[in-house]
Amino acid sequence: MHKRSIKILASVGMLLTAAIWGFAFVIVKNSLDFVPPIYMLAIRFSIAGLVLALIFCKKFSMLNKKILFHGAILGFFLFSAYAFQTIGCKYTSAGKNAFLTTIYVVLIPIFLWIMTKKRPGINVMIATFLAICGIGLLSLKNDFTINIGDILTLICGVGFALHIIFISRYNATEDPILLTVLQLCFAAIFSWILAPIMEGIFPKDALNSSSTVASMLYLGLISTMVAFFLQNLCQKYTPPTIAAIFLSMEAVFGVIFSCIFLKESLTLRIVFGCSLIFVAILLAELPQKKTT
């Protein structure tokens, strides 16, 4: 297949991933009343990891210490990011949770600057300023205090930024499918270890509702298994900063779905804050001259 066609398909795949994740904010918000956050992660990662492991069991013939270690690192970043995001969603709106998460788009060029010593362009500097202003409008209250849920969501953005950067680094030499399986399995292990410590015994009646079971299956099979399979596969053909702009569209989908299904209201302040962050995301991805 022609390289251009592959890149187009990869872009479409990442937009589909963003849409899947955008709807997941609605599912998570509705399910947190029944399933504790870390247990929710344990369930979704376990479902995704086990099903993918069964489908691609032959890939384990390529298993070695190096890819196992890389899978563990990706799993840790993935688990950390989702833990802060899921707990944060409990204390803030699904729409704000979606938009604040996408701060990773601005963080990625900054982190790459630190790692590679290549300074980002002036557009990234301006984008960072706009993103901070947008975050302030979304998060700061009239008395200039910030919701704990918003703080946790911003921290999750750091985890996602590192996750995207290291996926691109490891995909260059490792099999993306095996990496996907390993990171999901490790994320599940981390979740099961932490869940009893943070949340005690799993609630007996948490999965009594058919709607809650359906939500967990969506999070596990669609939002985790399918979405991360698409991300890892498509990102093999896309630079990390460009991948970030496509994946950040989850914020737009998240706000749209939250308004439709959760009836969340959009104030002028929230709209303006989201607009600033979205402009920052676009600005951060403008072509720029390489600098050192």
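What counts as what
- Residues numbered from 1 in each chain as written.
- Predicted model: local features only at pLDDT ≥ 70, side-chain atom pairs only at ≥ 80, totals over all residues.
- Heavy atoms only, no water.
- Helix = DSSP H or I, 4+ residues; strand = E, 2+ residues; numbered from the N terminus.
- Rg over C-alpha atoms; globule rule 2.2 N^0.38 Å.
- Contact = heavy atoms within 4.5 Å.
- Areas by Shrake-Rupley, 256 points an atom, 1.4 Å probe, with all protein chains shown as cover.
- Core = buried A, V, L, I, M, F, W, Y, C linked by side-chain atoms within 4.5 Å.
- Buried < 20%, exposed > 50% of the residue type's maximum accessible area, 1.4 Å probe, protein only.
- Patch = residues over 30% accessible without salt bridge, like charges linked within 9 Å, V, L, I, M, F, W, Y side chains within 5 Å.
- Salt bridge = Lys/Arg side-chain N within 4 Å of Asp/Glu carboxyl O.
- Expected span 1.5 Å × (residues − 1).
- Bend = angle between axes of the 7 residues up to and from the residue.
- Disulfide = S-S within 2.5 Å.
- Axes fitted to C-alpha atoms, helices over the stretch in contact; angles between N-to-C directions.
- Left-handed = near helix turned anticlockwise from the far one by under 90°.
- Nonpolar A, V, L, I, M, F, W, Y, C, P; charged D, E, K, R; others polar.
- Parallel < 35°, antiparallel > 145°, perpendicular 65-115°, else oblique.

Participant: Kindly report on the overall build of the chain, identifying the contributing residues and their values.
Facilitator: Each helix and strand counted, the chain has 12 helices and zero strands in total. From first element to last, N terminus to C terminus, the chain shows the α and β order α-α-α-α-α-α-α-α-α-α-α-α. For 292 residues, the compact-globule estimate of 2.2 N^0.38 gives 19 Å, and the chain sits close to it at 19 Å. Seen along its three principal axes, the alpha-carbon backbone of the chain occupies a region of about 50 × 45 × 35 Å. Sequence-distant contacts in the chain: of pairs separated by 6 or more residues, those separated by 24 or more amount to 91%. Split by element, the accessible area of the chain, about 13,600 Å² in all, is 73% carbon and sulfur.

Participant: Explain the nonpolar core residue by residue, including any values.
Facilitator: By size, the foremost hydrophobic cluster in this structure holds 82 residues, and its most contacted members are Phe45, Tyr82, Tyr104 and Leu219. The element best represented in this core is helix H3 (residues 65-89), accounting for 11 residues. If we skip the residues at most four places from it in the chain, Tyr104 touches Gly157, Phe160, Ala161, Ile164, Ala244, Leu247, Ser248 and Glu250.

Participant: Give me a nonpolar patch on the surface: which residues, what numbers.
Facilitator: Together, Phe84, Tyr91, Ile146, Ile148, Ile151 and Ile155 line one region of the surface with nonpolar side chains, adding up to about 480 Å² of accessible area. Looking at the nonpolar patch, the element that brings in the most residues is helix H7 (residues 148-171), giving three residues. Structurally, Ile146 can be placed in the loop between helix H6 (122-139) and H7.

Participant: Requested: an account of helix H9 (residues 210-235), with residues and values cited.
Facilitator: Here H9 spans 35 Å end to end across 26 residues, near enough to the 38 Å set by a 1.5 Å rise per residue. Taking the largest bend as the criterion, H9 deviates by roughly 30 degrees, centred on Leu219.

Participant: Hey, could you go over the state of the cysteines for me, with residue numbers and the actual values?
Facilitator: This structure, assessed with the given rule, holds zero disulfides. The thiol sulfur of Cys89 is not disulfide-bonded, and the nearest other cysteine sulfur, from Cys156, lies at 10 Å. We note that Cys259 lacks a disulfide partner, and the nearest cysteine sulfur, in Cys274, lies 9.1 Å from it. According to the relative accessible area criterion, Cys259 is partly exposed, its value standing at 26%.

Participant: Break down the pattern of salt bridges for me, citing the residues and quoting the values.
Facilitator: Evaluation of the coordinates by the stated rule reveals one salt bridge. For Asp175, the salt bridge is made with Lys59, and the minimal N-O distance between the two is 3.2 Å. With Asp175 in the loop between H7 and helix H8 (176-199) and Lys59 in the loop between helix H2 (37-55) and H3, this pair connects stretches of sequence that are 116 residues apart. Taking the relative accessible area as the measure of exposure, Asp175 reaches 18% and is therefore buried. Taking the relative accessible area as the measure of exposure, Lys59 reaches 23% and is therefore partly exposed.

Participant: Break down the packing of helix H4 (residues 94-101) against H7 for me, with residues and values.
Facilitator: Contact geometry of H4 with H7 gives a least axis separation of 8 Å together with a crossing angle of 35 degrees. Pair H4 / H7 crosses with right-handed handedness. Residues Lys96, Asn97, Leu100 and Thr101 of H4 lie in contact with H7, whose contacting residues are Asp150, Thr153, Leu154, Cys156, Gly157 and Phe160. Considered class by class, the residues forming the contact of H4 with H7 number four nonpolar, four polar and two charged.

Participant: Please provide a residue-by-residue account of the packing of H8 against H9, values included.
Facilitator: Contact geometry of H8 with H9 gives a least axis separation of 9 Å together with a crossing angle of 140 degrees. The angle between H8 and H9 places the two elements in the oblique class. Along this stretch, H8 crosses H9, giving a crossing that reads as right-handed. Contacts between H8 and H9 pair Pro176, Ile177, Leu179, Thr180, Gln183 and Leu184 from the former with Thr224, Phe228, Phe229, Asn232 and Leu233 from the latter. Grouping the constituent residues of the contact of H8 with H9 by class yields seven nonpolar, four polar and no charged.

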